Amino acid sequence: MKKIIYTIAIVLGLQGSVQAQNQQVTLHVPNSVKPLVEKLVAEYNKTNAEVDFLFKAGKAQAGETNSITVVNDNPDGVKFARYAVLPVSARQSDAAELIGRRLNAKRLKTLFFVEDEFEDDEPDATAQKIHIYTGTSQQSVSRLYAEHFDEAVADYRGKKISGDDSYLNVAVSRDPWGITINTLSNIFDLESRQLKQDIALLPLDLDKQGKQVLADGQLDEIITLLEHARYSEIPVGNAAFAYDHSNALLNDFVQWVLANGTQYLHQYGLLKLPSKDLAQE
Amino acid sequence: MSIVWVSAQTTITGRVTDARTGDPLIGATVVPTTGNELGTVADLDGNFTLKTKVQLPLTLSVQFVGYRSQEVDVYEASEPIEVQLTENLNKLSEVVVVGYGTQKRTQLTGSVATVKAEIIGQSQSATLDGALSGQVAGLHVTASSGQPGADSQIRIRGGNSVNASNEPLYVIDGFIYFKDASQGSTGVGGIEGSLNPLATINPNDIESIEVLKDVSATAIYGSRGANGVILVTTKQGKAGDKTSHINYTYNIGASRISKRLELLNASEWAQFQKDNFSNKGGYTDEQIAALGNGTDWQDAVLRTAIQQSHELSITGAGEKNRYAFSASHTNQDGIILNSGFQRYNFHTNVEWELKTNLRFGVNATYGRSRQQGLTTTESQVYNSSPFSAGITNSFVYALLMPPVIEVYKADGSFNFSNPYEYAYFAIGDHAANPVYDLRESVAENVNNYLLSNVWTSYRIGNLLLKATVGLNSEKLTQNYFSGAYTSLGLATQGIGGTGNRQTDVWQQEYTATYSKETDGVHEFDALAGFTRQTTTSTFSSIRTNHYTNESLKQYNLGDGSGIYTPQTGISESSLNSLIARVNYTFLGRYNATATFRADNSSRFSKNHRWGYFPSLGLSWNIDKEDFFDGVQNIDYLKLRVSAGLVGNQEIADYAFTTSYSTGSYGGSSSYAKKNTANDNLKWESTVSYNVGIDLGLNQNFLNFVFDAYYKKTSDLLLVVPVGFSSGVTQQLQNVGNVVNKGVELSVNANIIQRKKIQWTAGANLAINRNTISDMGATNDVIQGSDKQQILRKGEPLGAFYGLRFEGIVQTGEDVSKLPTINGQTPKPGDLKYADTDGNGRIDGNDRVILGSTQPAAVYGFSSQFNYRGFDASVTFAGSYGNKLYNALGRRLELTGDSYNVLATVKESWTPERGGNTLPLASNARPFSYIDSRYVQSASYLKLRNLTIGYRLQLPKSSPVGVRFYATGSNLFTVTRYKGYDPEVSGGTDSGVYPASRTFSAGINLTL
């Protein structure tokens, strides 16, 4: 009997020592940056094998320890990348054809947001026909887009899509009159660096270089363009890590990303932070 | 959030909120548009859970009455869905607060008007009654005076009663709060006016005010609902809004009298004296010319009054709670010297979810208000009383001061020499000085108050159980002191007093509410409960006179050698009630509300304590009928009808029983019979009928609410004369009926509603006819210190009664055909009155009805405009057809050799000049009865409020919001009334504190 108890104690002790060696970090990451974060984790684990990372949907629950949530524009978060948002439709869609001429910031605002309380009073012919799809999630880029145009999320026209922003692409691909907005990482195929099949960028009224770059539809050219120029038609937001800053384990991972992880941003469709912003973090 | 797979079933969770406020939309429906599955309903926090077997993606339609519906495609259910709905600007979309609950406006059967916080905040009024003026059809607010902190008289659909109160019932966050006039006095006397009981509530703490007008809405308050009910809901944090909202407002302003009376200046007065009287001053024409303006006593007692206020409010919510806290300080000087109002007020409203379905909340307001007013002479009618001579307070006395008298002597000290004063306010060569009176006298009300309510609720499925215990505790202190050199203290070498009244009102409420909706066909809501309210009020006061040292004033009353009999007392009352209500809606079109309340009041004799008050209301949403589908431009159309019975128990405690007042006589205690028992005393009851129509046009561009009503109050609580055998001269009895009937119309227009520009306007009109339809065996009852009012069958309450003025007897007129006055044939320069009974002499029988205090119509107009940070609002209010007895004007046109007079007296009849309004100046006492010259039109149109503001257009990332604003109050009044202001409650203007015009500016910071 004593032997059995002794054996159980050793087994439990071993398990305890294994748990002590490998600590677990939970990551809450939107789909748009999930491939990037998976890459970062893989690279980090090469030198920090004692940390296990677990990806979970949604945001961190109250009381959850050792967790990091990737958020958009959180003032308490540590910024590590930027992302750009562009309007898109299905390729050769009726919506793109109806919109026709290039969209400037004013037209984008009119197209995506209700003009006034009596929306139906003076319906804009284009806005009336086109179906707008935007996300309801707290992590959706629809929030950044509304803020950029000084509008409220509730003032978006059209239909809401719950869940990850990748479903916005699905929605427009099924609706020839549908348009939506999404991040470069959701719009482009990260392997081919071309637009995803059946997705088209809506034409924007940018400067000559900007028009050309968008027309070419090359992800890296667009990233380079947006890292050096700002357009009122293209909102750019910050991706940040939200976590308990007093947690040394999490701090170590975040600092490693800031020091070593930015080299992977372009590969995964994100923009680098301006060097002064990076220095602040 | 999680996905739960049970037989390929997906659980979708989410939350539905108002896009603007973040409030949960309780009861929002969430229905899958694909498949045949049933939907679900959002709970108290706006959360919903939907289980579906339909494979994702699934489209949900989220709907809530009054909001634009929203479609959401659900591709995955890993996170809760956040749905924000935008309000549809439709009047019927509102959820309104009703007695003991809330109700969708579409389902209302009663007449309920709502005033929102934005409107209340714009009024800049220190009390909520001031903020209601002009906002609600059929609600007439009359300020009792211009004194800061003074109360107002509010009438909803006219007055029902004579001796019981006509004030509406207030319910503040569920606590029943009645403005009982007796609780505003400690018995110390000598103080004009009293603190507004509603001063305990800071208007900026109010989220909304609901005015319940018809019986379907008020019957749940039974014996206290006859005069209408005003429900006040204070601000609360928004559930789910985890951001703390901090709001600070600073306001500073200046007030001046809005209208001055034109009095004679020194030269004019001296000339008038020389022309008509004995020229006591012995002035020569040269001296008269040199006198010039002399002393403007009206100016001397008035000032530019500064007011300022600070307000801080914090609202927010946590996971399981929500909260609101506010602190405010108001300091408002009055336009009369040494008068003003100060208030510290703290308010909190907190709610916790202790366990699932178990909630607990506390509402509490604590504060202290202080009002410095005017001392007043006793309102007794005997010939040697200054009051009987129309001198009611030091302000009126200032108007009467001869302008040839200086305020100060050459050495800067107060001038107490007035050779013209020999009647009331002079002893030997020592006369009163009104400026000194006002500066040195004390007449203050100090109220420390706590209004608190603690509640808990527990939900079991569709059943909500709620228990509430509340306390309203007020300690009123009244201090009064007039030194030996003041008008009131002259005769007694100073007089002072102090009094305290402690009033505690406890309230308990236990209610159960069952709500059920089935398939959108039947909606059912039933309420049952018990409530109990007990009131205990104790008071004590003491007065002394004849002091050797006045430096500590009312804090050294023991120095007085003369001691009046101390007054102490207690009164207790209780009201136990059973309440029940059923609301039923069928197909969203047909609504019914049945209400019943049984009240047991200690204010009536044992056999008549129970009163039963039922009502039934029906409404029909006509626009929801199939036959209405093709009708264009009408958004909604609703017909409402209601009938029921409500009561009035607001009489003094113990009025049904014999009572005695105590005193002292010859050094021994004495008792005097005060009241004789009336075992038949019972409720005053009002049967009421209402028909209403709600109409919305052109996508809510125009909203109309029309109501017509008939109210008959029976068993009128009336003080009637009784025979001497009873030991008293009068007694409270149930005698007679009063009928109010009228129509009301409200129109609201959303003229422009765009995101950057909004313009709304509203107008309301109410026409009411008030008639005493029966007075039993009682004949006319004459009322008022000048016998100026009468209660008579066929006439309205507040009817004025007096002689009809017919001009001045002119030189050469055939006086033999004129009726005699006091047995004398009138001579040129005398007044002429109509001899209505044709008996050849003028006496009391010639008096006729000269109009009444009841307006034929009251109306209001308001508009709000916003454009890119700029805002402007304006509110007008008015009344038409009501009269006011200008007792002050009558006094100031009474000529003599002691007092100043109005400049109109220069037009008095003389043989040379003639004249047809004022008689030949003389020392003659006024005729015993008032005449039509002084019952004047009190119709008015007032610009109550004009506010313009600008909110800085800061970036959204700015942590601070800043708004500057400027407000003008009482900017102008259009009226034919000849006194200071046509708004005087009670119908007699004997020189009340005059109204002021105020300009203020402020800054509002939000974090």
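The structure presented is a predicted model; accordingly, all values stated were derived computationally and were not measured. (Residues numbered from 1 in each chain as written. Chains lettered and ligands numbered in written order. Predicted model: local features only at pLDDT ≥ 70, side-chain atom pairs only at ≥ 80, totals over all residues.)

## Considering the overall build of chain B
Along chain B, the regular secondary structure elements total nine helices and 56 strands. Against the 2.2 N^0.38 benchmark of 30 Å for 1007 residues, chain B shows a C-alpha radius of gyration of 31 Å, consistent with a compact globule. On the principal axes, the C-alpha backbone points of chain B span a range of 110 × 65 × 60 Å. Residues classed as buried in chain B amount to 49% of the 1007 residues present. For chain B, the proportion of contacts with a sequence separation of at least 24, taken over those separated by at least 6, is 68%. (Helix = DSSP H or I, 4+ residues; strand = E, 2+ residues; numbered from the N terminus. Rg over C-alpha atoms; globule rule 2.2 N^0.38 Å. Buried ≥ 20, exposed ≤ 12 C-beta atoms within 10 Å, placed from the backbone. Contact = placed C-beta atoms within 7 Å.)

## Section: the overall build of chain A
When you go through chain A residue by residue, the secondary structure sums to twelve helices and nine strands. The buried share of chain A, taken over its 281 residues, is 39%. Taking the intrachain contacts of chain A between residues at least 6 apart in sequence as the baseline, contacts between residues at least 24 apart amount to 79%.

## Some remarks on the domain arrangement of chain A
Residues and elements named next belong to chain A. What the domain assignment lists for chain A is domain 1 (2-80 + 238-280) and domain 2 (81-236). Taken together, the contact pairs 21 residues of domain 1 with 24 residues of domain 2. Counting only elements with at least two residues in the side of domain 1 that touches domain 2, the list comes to strand S3 (67-72) and strand S9 (236-242). For the side of domain 1 that touches domain 2, the per-class residue count stands at eleven nonpolar, seven polar and three charged. (Domains from an automatic or database assignment. Nonpolar A, V, L, I, M, F, W, Y, C, P; charged D, E, K, R; others polar.)

## Quick word on the nonpolar core
The biggest cluster of nonpolar side chains holds 97 residues, and the ones touching the most others in it are Val301, Ile336 and Tyr397 of chain B. A per-element tally of this core places helix H7 (residues 394-400) of chain B first, with six residues. Here this core gathers at least three residues from each of two domains, domain 2 (92-234) and domain 3 (245-802 + 852-1006) of chain B. If sequence neighbours within four positions are ignored, Val301 of chain B has contacts with Ile336, Leu337, Phe395, Ala398, Pro434, Val435 and Leu438 of chain B. Judged by nonpolar contacts, the second largest core, of 71 residues, contains Val33, Ile187, Ala239 and Ala240 of chain A. (Core = buried A, V, L, I, M, F, W, Y, C linked by C-beta atoms within 7 Å.)

## Section: the interface of chain A and chain B
In this complex, chain A contributes 23 residues to the contact, which on the side of chain B involves 22 residues. Those elements that place two or more of their residues in the side of chain A that touches chain B are strand S6 (159-162) and helix H7 (166-173) of chain A. The element best represented in the side of chain A that touches chain B is S6 of chain A, accounting for four residues. Bridge count between S6 of chain A and strand S6 (residues 70-74) of chain B: three bridges; the pairing is parallel. By the bridge assignment for S6 of chain B, Lys160 of chain A is matched with Val72 of chain B. (Pairing = 2+ DSSP bridges.)

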